[in-house]
Amino acid sequence: MSKLNVVKLISSIALPLVLGAIAGMFTSQSVPDWYATLNRPSFNPPNWIFGPVWTVLYILMGISFFVVWKQKVGKARNLAISIYFLQLLLNFAWSFIFFHFNMIGLALVEIALLWFAIILMLVLFYRIKPMAAYINIPYLLWVSFAGVLNASYYFLN
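Residues numbered from 1 in each chain as written. Predicted model: local features only at pLDDT ≥ 70, side-chain atom pairs only at ≥ 80, totals over all residues. Heavy atoms only, no water.

S.K.: Which parts of the structure should I look at to understand the overall build of the protein chain?
M.R.: The helix and strand inventory of the protein chain stands at six helices and zero strands. Starting at the N terminus, the α and β elements of the protein chain follow one another as α-α-α-α-α-α. For the protein chain, whose C-alpha radius of gyration is 16 Å, the value lies close to the compact-globule estimate of 15 Å for 157 residues. Overall size of the protein chain, expressed as C-alpha extent along the three principal axes, is 50 × 25 × 25 Å. By the burial criterion, 41% of the 157 residues in the protein chain qualify as buried. Counting only contacts in the protein chain whose residues sit at least 6 apart along the sequence, the fraction spanning at least 24 positions is 77%. Entry remark: accessible area of the protein chain is about 8,400 Å², with carbon and sulfur atoms responsible for 74%. (Helix = DSSP H or I, 4+ residues; strand = E, 2+ residues; numbered from the N terminus. Rg over C-alpha atoms; globule rule 2.2 N^0.38 Å. Buried < 20%, exposed > 50% of the residue type's maximum accessible area, 1.4 Å probe, protein only. Contact = heavy atoms within 4.5 Å. Areas by Shrake-Rupley, 256 points an atom, 1.4 Å probe, with all protein chains shown as cover.)

And the structure:
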């Protein structure tokens, strides 16, 4: 692998991990206070599971982005990259909307937008390199579960 591709791979993985860490810091500040007072759905996983799951998902997202980024420049690749960044922004924003601003309803709308952005990203990634889409299936499944959790929190609180 060329030096340029090594730099691209490292930065591709580092970006979602750094954004996730920033969002996680704000999330962790709200967990013992506001979040702890909420009525929880019976299927809510333990709090400790979220960090490891998101770490793995961010690494997979970064790898898939790298696979697409290193492909030949063109409209399809550029659109896929734009949608990747859109879903990454939506992913980042959700933690602030839910945990920092305590807006469960708006977070539910936002996670629905995130889910659709992920679907679009998967379709665009698949057209470029199917493996880049396949390795994001766990991400889609986790965000689907997170959406159900968000909806449950909305209706219970």
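S.K.: Help me out: how do you make sense of helix α4 (residues 104–128) in this one?
M.R.: An α-helix turns once every 3.6 residues. As a result, residues three or four positions apart point the same way. Helix length check: α4, at 25 residues, gives a terminal C-alpha distance of 36 Å against a target of 36 Å (1.5 Å per residue), a fit within 8%. Turning to α4, its buried residues are Ile104, Ala107, Glu110, Ile111, Leu114, Ala117, Ile118, Met121, Leu122, Leu124, Phe125 and Ile128. Looking at the buried side of α4, the elements it contacts are α2 (50–69), α3 (75–100), α5 (130–134) and α6 (137–156). (Expected span 1.5 Å × (residues − 1).)

S.K.: Sorry, what's going on with the nonpolar core here?
M.R.: With 40 residues, the main nonpolar core has Phe98, Ile118, Phe125 and Tyr139 as its most contacted residues. Listing elements by their share of this core, those giving two or more residues are α2, α3, α4, α5 and α6. Apart from residues no more than four positions distant in its own chain, phenylalanine 125 is found in contact with Ser64, Phe65, Val68, Ala80, Tyr84, Pro130, Ala132, Ala133 and Asn136. (Core = buried A, V, L, I, M, F, W, Y, C linked by side-chain atoms within 4.5 Å.)

S.K.: Which parts of the structure should I look at to understand the side chain of asparagine 136?
M.R.: Relative to the elements of secondary structure, asparagine 136 occurs in the loop between α5 and α6. According to the relative accessible area criterion, asparagine 136 is buried, its value standing at 0%. From its side chain, asparagine 136 meets the backbone oxygen of alanine 132 in a polar contact 2.9 Å long. Contacts of asparagine 136, omitting those with residues within four sequence positions, involve Leu60, Met61, Ser64, Met121, Leu122 and Phe125. (Polar contact = N/O pair within 3.5 Å; in protein donor to acceptor, adjacent residues only side chain to side chain.)

S.K.: Would you take a moment to explain the environment of leucine 114 for this structure?
M.R.: Structurally, leucine 114 is set in helix α4. Along the backbone, leucine 114 and glycine 74 are 40 residues apart, and their C-alpha atoms lie at a distance of 25 Å. Look past the residues within four positions of leucine 114 in its chain and what remains in contact with it is Gln87, Leu90, Asn91, Tyr139 and Val143.

S.K.: Explanation requested: α6 in the structure shown.
M.R.: Spanning 20 residues, α6 covers 29 Å between terminal C-alpha atoms, matching the ideal 28 Å at 1.5 Å per step. Inspection of α6 places Tyr139, Leu140, Trp142, Val143, Ala146, Gly147, Leu149, Asn150, Ala151, Ser152 and Tyr153 among the buried residues, and these make up the whole buried set. Close packing links the buried residues of α6 with α2, α3 and α4.

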